[in-house]
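Below, each chain spelled out in residue letters.
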Amino acid sequence: MAEKIQYKLRHVGINCEDKAKAKALVELLCHLFELAPGNENNTHIFVSDMFEVMKNNKRGTHGHIALWTPNVEKAMEDLAQKGISFQQDTIRRNLEGHVVFIYLEGEFGGFSFHLTQ
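Let us look at the structure shown here. As the structure is a computational prediction, the values presented were derived from the model and not from experiment. (Residues numbered from 1 in each chain as written. Predicted model: local features only at pLDDT ≥ 70, side-chain atom pairs only at ≥ 80, totals over all residues. Heavy atoms only, no water.)

**As for the sheet that holds strand β5 (residues 63–68)**
To be explicit about the condition: The rule for pairing is simple: two strands pair if DSSP sees at least two bridges between them. Strands are runs of DSSP state E lasting at least two residues, helices are runs of H or I lasting at least four, and both sets are numbered from the N terminus onward. The convention used is that axes are lines fitted to C-alpha atoms, helices contributing only their stretch in contact, and that angles between N-to-C directions extend from 0 to 180 degrees. Contact definition: two residues touch when any of their heavy atoms are within 4.5 Å.
If you walk across this open sheet you meet the 8 strands as β2-β3-β4-β1-β5-β8-β7-β6, and the pairing is mixed. Of all the strands in the sheet, just β2 (37–40) and β6 (86–93) have a single pairing partner and so form its edges. Across the sheet, the axes of successive neighbouring strands diverge by a mean angle of 20 degrees, strand direction being ignored. Where β6 meets strand β7 (residues 99–104), 4 bridges bridge the pair, whose relative direction is antiparallel. Bridge pairing in β7 links Arg 93 to Val 99. Packed onto the sheet, helix α2 (residues 72–81) meets β6, β7 and β8 (111–116) and runs at close to 35 degrees relative to β7.

Below, the structure is given as structure tokens:
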């Protein structure tokens, strides 16, 4: 029997049309769930470590779901055997050259998925 791959929900990415709508959603999520805003850059604003509010509609109809796994490369092998392919242009590697981040091809329920360590 193959080794079972461990996955945990890292965060949910929610798409917004622009920066203003993203900021409004961040304020609402912080208020409703008593969370604090987190890191912000040109593309997103984190709310705690639960939500990544996107300032665009780039990936996924509704957004994305980030899944943590201890070994992204093993998870990729497992998913590839199940017919999943990957967006090679999204690969991020650590200093040793191992894949630590990648998006799966396609959408599932209107969401893109990415694996991360």
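On we go from here.
**Re the state of the cysteines**
Just so we agree on the cut-off: Throughout, a disulfide means two cysteine sulfur atoms within 2.5 Å of one another.
Taken as a whole and assessed by the stated rule, the structure comprises 0 disulfides. Considering cysteine sulfurs only, Cys 30 is the nearest to Cys 16, which forms no disulfide, with 13 Å between them.

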